[in-house]
Amino acid sequence: MIELYDSGAYLLNGTTLVKDDAAAESELAKQGIKTTRDEAVKGTMAYSILQKHNTSGDTENLKIKFDKMTSHDITFVGIIQTARASGLKEFPIPYVLTNCHNSLCAVGGTINEDDHVFGLSCAKKYGGIYVPPHQAVIHQYAREELAECGAMILGSDSHTRYGALGTMAVGEGGGELAKQLLGKTYDVARPGVVAIYLDGEPAKGVGPQDVALAIIGATFAKGYVKNKVMEFVGPGISKLSSDYRIGIDVMTTETTCLSSIWTTDEKTKEWYDTHYRPDAYKEIKPESVAYYDGVVYVDLSKVRPMIALPFHPSNTYTIEELNANLSDILHDVEEKGRKQLTGDVEFKLTDKIHDGRLYVEQGIIAGCAGGGFENICDAVDILKGHYIGSDEFTLSVYPASVPIMMELINNGRAAEILHAGAVMKTAFCGPCFGAGDTPANGALSIRHSTRNFPNREGSKIQNGQISSVALMDARSIAATAVNKGYLTPATDLDVEYTGPKYFFDKDIYENRVYDGWGKAQPETEIKFGPNIKDWPEMPALTENLLLKVASVINDPVTTTDELIPSGETSSFRSNPIGLAEFTLSRKDPEYVGRAKAFHEVEIAREKGEHPCEVYPEIKQVMPVVKEKFADADRTNTGFGTTIYAVKPGDGSAREQAASCQKVLGGWANIAKEYATKRYRSNLINWGMLPFVISEDFEFDNDDYIFIPNVRELLMNKAEVFKAYVVNKNMAEIELRLGELTDDERTIIEKGCLINYYRD
């Protein structure tokens with residue numbers, strides 16, 4: 001089904017793969033091709049698009065300027081506040097503000113709608129585009145209205161992926177979007193490019209989520225495409241509709257890749273024609289010879305209906321395999337899950353086995369992954385003439401935009417959904433991040449959505465609650481609904497898929513979306529709600545640092561949802577200090593208290609007061625430091641916290657995973673490696689040192705780490721930072737920062753991106 005090449009490969013004429021091994025030169029010669037690897041690298045679609053947008057003049061170290069940007073209502077307030085504090089006058093490129101994440105939250109009184117009003121007033125003042133709540137989820141609107149062949153789009157959501165429409169899109173933290181708003185660049189070393197070679201044709205009943213989960217399961221743990229561009233090529237693409245390609249593409253984020261791009265063809269052209277944007281189309285394909293750093297070979301004909309069990313999209317099985325080995329597989333997932341979870345909860349899945357079959361309590365088809373027109377129509381074809389029953393199982397369908405919903409109403413599919421006993425809801429991302437359709441305690445939900453991390457469905461482990469999500473394709477979710485909650489792959493049912501034509505109603509957006517691009521109104525007053533707060537002042541980096549370890553996380557991977565939980569906590573996203581109260585609340589509930597207490601030391605230092613007066617423990621720590629570093633004192637030594645995590649940052653692009661640590665006094669992270677570039681970038685933009693440590697060291701909460709000359713070493717581009725664990729006999733450890741641009745070093749030195757631009 002999936003093969004990962006153990007070497008790079010050449011792609012000839014978009015179809016023939018030649019492995020980069022000892023026989024490669026002679027094989028190329030047979031084809032009459034004379035080239036080098038360095039020259040053939042330039043033949044990829046990704047190389048061409050990246051260089052078109054590169055302003056550095058250096059093909060290896062890129063400074064990208066994007067064509068367009070998009071954010072949603074968990075992120076745009078913080079981004080605009082950062083840019084305002086740094087001198088924003090007008091949006092320099094089209095910037096879309098959607099309202100799809102907290103539009104249904106009933107938490108915190110007026111604060112959600114206050115943020116929407118803030119967004120509209122900013123769109124008027126700075127010349128932006130404002131999409132009101134319930135109109136479209138962020139990525140569907142971007143596909144329908146922003147995507148353009150050969151363009152690049154930056155979004156403050158990790159699933160910013162429009163490669164199936166010929167657009168290279170990147171999901172990043174808010175700091176990177178603020179840079180673009182200020183006319184600056186996205187700085188990145190030229191990424192590697194991996195070919196995703198699609199061959200064959202999917203079997204009837206196999207959907208895009210099945211293909212996506214198969215790819216994620218094969219690549220994630222190996223880091224095969226980490227921080228690389230996934231370039232989709234091969235004859236199998238022509239067998240897939242644009243909607244199908246989009247469904248695969250949006251899930252590439254879960255492999256930890258940087259971006260994606262697909263070859264385009266007549267089906268792509270048809271997409272743009274349907275959406276009244278024919279000028280956005282052009283053919284994109286690799287050159288006649290292109291070199292890839294790796295290949296993921298996918299035989300589409302062998303992909304079977306898939307399921308990703310808790311608690312990661314890479315925890316994949318075929319549904320047939322799961323059903324044949326229910327007890328063993330579920331028991332194994334339980335054991336792994338218990339090691340990952342914290343709190344006094346009992347995580348069980350084996351109790352879902354009823355008479356040898358797996359019973360689930362909920363099905364959801366939603367959002368940027370599941371809410372597409374074809375996914376829903378195929379699901380309706382399966383549901384037609386059936387009922388989901390009157391037991392615990394429920395089914396909810398969220399079309400990804402009002403135009404999709406309107407067409408489902410016009411062609412009768414909406415009526416079929418309701419007739420089957422399911423419900424249809426407005427465009428909303430809640431089921432993807434824990435702000436809607438939270439299952440009952442102990443329940444299992446199957447979802448065509450993007451993630452199934454712990455608590456991603458909205459339960460609260462610290463309150464003794466646990467429910468969980470398994471990811472599946474809409475077709476198999478519908479098949480399971482037909483069997484009233486008993487897990488069923490769509491391939492088990494004989495269904496005639498009708499494939500109705502889609503008609504896009506452009507008047508829906510024209511009549512409701514505010515389009516102020518190029519029409520800034522500087523005199524407009526921004527409307528602030530009582531929960532919208534400015535960023536607190538953040539100190540510049542001192543010559544030395546004394547870090548207190550405030551949390552130790554030894555899990556193999558730590559998601560951003562664990563660093564700052566999603567769901568209802570996100571309602572406080574516009575209040576930096578208020579939101580920070582939730583930092584690590586589900587993973588390490590004591591973290592906030594530890595961090596806040598030690599932050600008082602730095603606050604006292606900045607006021608010129610003696611830290612010992614607010615934190616007596618300093619009296620024991622600093623004398624030990626001064627035995628080795630006599631000049632260290634409160635005039636040249638900053639006091640802050642750090643966390644240690646093995647591999648933090650998988651998942652969401654939300655900058656709050658870093659900014660919340662910063663406002664609580666965080667000055668660094670220490671990790672074996674970072675799961676994604678975007679989390680590392682978030683740390684940097686909030687003035688935090690993204691240290692890595694190669695050696696094994698047993699950190700404990702309340703360890704003290706002294707780093708002498710940290711500012712000098714940073715600015716002098718030192719490779720190694722010698723640090724000392726004070727309360728462990730000044731044990732010496734070596735920390736590294738990895739590659740940093742000069743701007744990134746200065747951002748850390750200044751204390752954060754806001755300080756950098758202000759200065």
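Quantities reported herein were computed from a predicted structural model and do not represent experimental measurements.

(A) Summary view of the overall build of the protein. Of regular secondary structure, the protein possesses 28 helices and 34 strands. Seen through its principal axes, the protein has C-alpha atoms that stretch 80 × 65 × 60 Å. Across the 759 residues of the protein, 64% fall into the buried class. Of the accessible surface of the protein, which amounts to about 26600 Å², a share of 47% is contributed by carbon and sulfur atoms. For the protein, the distance from the average position of its 79 positive side-chain charges to the average position of its 107 negative side-chain charges is 3 Å.

(B) Summary view of the packing of helix 7 (residues 174-181) against helix 25 (residues 677-685). For the pair helix 7 and helix 25, interaxial distance at closest approach is 8 Å and the crossing angle is 65 degrees. With respect to their mutual orientation, helix 7 and helix 25 come out roughly perpendicular. Here Gly-174, Gly-175, Glu-176 and Lys-179 of helix 7 come into contact with helix 25, specifically with Ser-681, Asn-682 and Asn-685. Here the residues of the contact of helix 7 with helix 25 sort into no nonpolar, five polar and two charged.

(C) Here's a closer look at the pairing of strand 15 (residues 294-299). A large share of strand 15 lies buried, amounting to five of its six residues. Both strand 1 (residues 2-4) and strand 15 contribute to a ladder of three bridges, which runs antiparallel. Considered in strand 15, the bridge of Leu-4 is made with Val-296. Across six bridges, the pairing between strand 11 (residues 193-199) and strand 15 is parallel. The residue of strand 15 that forms the bridge with Ile-196 is Val-296.

(D) Highlighting the sheet that holds strand 2 (residues 9-12). Pairing is antiparallel in the open sheet, where three strands are placed in the order 3-2-14. The two strands at the open ends of the sheet, each matched to only one other strand, are strand 3 (16-19) and strand 14 (289-292). In this sheet, adjacent strand axes meet at a mean angle of 25 degrees when their direction is disregarded. Alignment of strand 2 against strand 3, held across four bridges, turns out to be antiparallel. Within the sheet, the bridge partner assigned to Leu-12 lies in strand 3 and is Thr-16.

(E) Representation of helix 4 (residues 76-85) in the model. Across the 10 residues that make up helix 4, a large majority, eight, are buried. Along helix 4, the residues classified as buried are Phe-76, Val-77, Gly-78, Ile-79, Ile-80, Gln-81, Thr-82 and Ala-83. Buried residues belonging to helix 4 abut strand 5 (68-71), strand 6 (95-98), helix 5 (111-126), helix 7 and helix 28 (753-758). A positive backbone phi angle near 105 degrees is found at Gly-87, which sits one or two residues after helix 4.

(F) Highlighting the sheet that holds strand 1. Read from one edge to the other, the open sheet built from five strands follows the order 1-15-11-12-13, with strand pairing classed as mixed. Because the sheet does not close on itself, it has two edges, and the strands there are strand 1 and strand 13 (259-262). With strand direction ignored, the average angle separating the axes of adjacent strands in the sheet is 20 degrees. Lying on the sheet, helix 3 (residues 45-52) is in contact with strand 11, strand 12 (229-233) and strand 13; it crosses strand 12 at an angle near 130 degrees. With respect to the sheet, helix 9 (residues 242-249) is in contact with strand 12 and strand 13, its orientation differing from that of strand 13 by roughly 160 degrees.

(G) Local environment of the pattern of salt bridges. The full count for this structure, using the stated rule, is 39 salt bridges. Of the charged contacts in the structure, one is a salt bridge between Lys-269 and Asp-273, with a shortest N-O distance of 3.0 Å. Of the two residues, Lys-269 and Asp-273 both sit in helix 10 (residues 266-274), four residues apart, roughly one turn of that helix. A relative accessible area of 32% means that Lys-269 is categorised as partly exposed. Of the residues examined, Asp-273 reaches a relative accessible area of 34% and is grouped as partly exposed. Its salt-bridge partner being Lys-728, residue Asp-703 comes within 3.0 Å of it at the nearest N-O pair. Of this pair, Asp-703 sits in the loop between strand 31 (689-692) and strand 32 (704-707) while Lys-728 sits in the loop between strand 33 (721-725) and strand 34 (731-735); the two residues are 25 residues apart in sequence, bridging distant segments of the chain. By relative accessible area, Asp-703 is classed as buried at 2%. Each of Glu-334, Glu-335, Arg-338 and Glu-346 takes part in a single network of salt bridges with overlapping partners.

(H) Quick peek at the packing of helix 4 against helix 7. The geometry of helix 4 relative to helix 7 is characterised by a closest axis approach of 9 Å and an angle of 45 degrees between their N-to-C directions. In terms of orientation, helix 4 and helix 7 fall into the oblique class. Judged by the twist between their axes, the crossing of helix 4 over helix 7 is right-handed. Residues Ile-79, Thr-82 and Ala-83 of helix 4 lie in contact with helix 7, whose contacting residues are Gly-174, Leu-177, Ala-178 and Leu-181. Class assignment of the residues belonging to the contact of helix 4 with helix 7 gives a composition of five nonpolar, two polar and no charged.

What counts as what
- Numbering of residues starts from 1 in each chain and follows the order in which that chain's sequence is written.
- Given that this is a predicted model, residues contribute local features only at a pLDDT of at least 70 and side-chain atom pairs are listed and counted only at 80 or more, while totals for whole chains, interfaces and linings are drawn from all residues.
- Side-chain metrics rest on all non-hydrogen atoms present in the structure, leaving aside hydrogens and water.
- Secondary structure elements are defined from DSSP: runs of H or I of at least 4 residues count as helices, runs of E of at least 2 residues count as strands, and each element is numbered from the N terminus.
- Burial classes: relative accessible area under 20% of the type maximum marks a residue as buried, over 50% as exposed, and values in between as partly exposed (1.4 Å probe, protein chains only).
- The method behind every accessible area is Shrake-Rupley, applied with a 1.4 Å probe, and residues are considered shielded solely by the protein chains displayed.
- This count recognises Lys and Arg as positive and Asp and Glu as negative, with His and chain-terminal groups excluded.
- To locate a charge, take atom NZ for lysine, CZ for arginine, CG for aspartate or CD for glutamate.
- Every axis corresponds to a line fitted to the C-alpha atoms, with the helix fit spanning only the stretch in contact, and the corresponding angles, defined between N-to-C directions, vary from 0 to 180 degrees.
- In these notes the angle categories are as follows: under 35 degrees is roughly parallel, over 145 is roughly antiparallel, 65 to 115 is roughly perpendicular, and the rest is oblique.
- Contact between two residues is taken to exist if any of their heavy atoms lie within 4.5 Å; hydrogens are not considered.
- Three residue categories are used. Nonpolar comprises Ala, Val, Leu, Ile, Met, Phe, Trp, Tyr, Cys and Pro, charged comprises Asp, Glu, Lys and Arg, and polar comprises the others, including Gly.
- When DSSP finds two or more bridges between a pair of strands, those strands are recorded as paired.
- One speaks of a salt bridge when a side-chain nitrogen belonging to Lys or Arg is within 4 Å of a carboxyl oxygen belonging to Asp or Glu.
- Crossing handedness is defined as follows: a turn of the near helix away from the far one that is anticlockwise and smaller than a right angle gives a left-handed crossing, while the clockwise case is right-handed.

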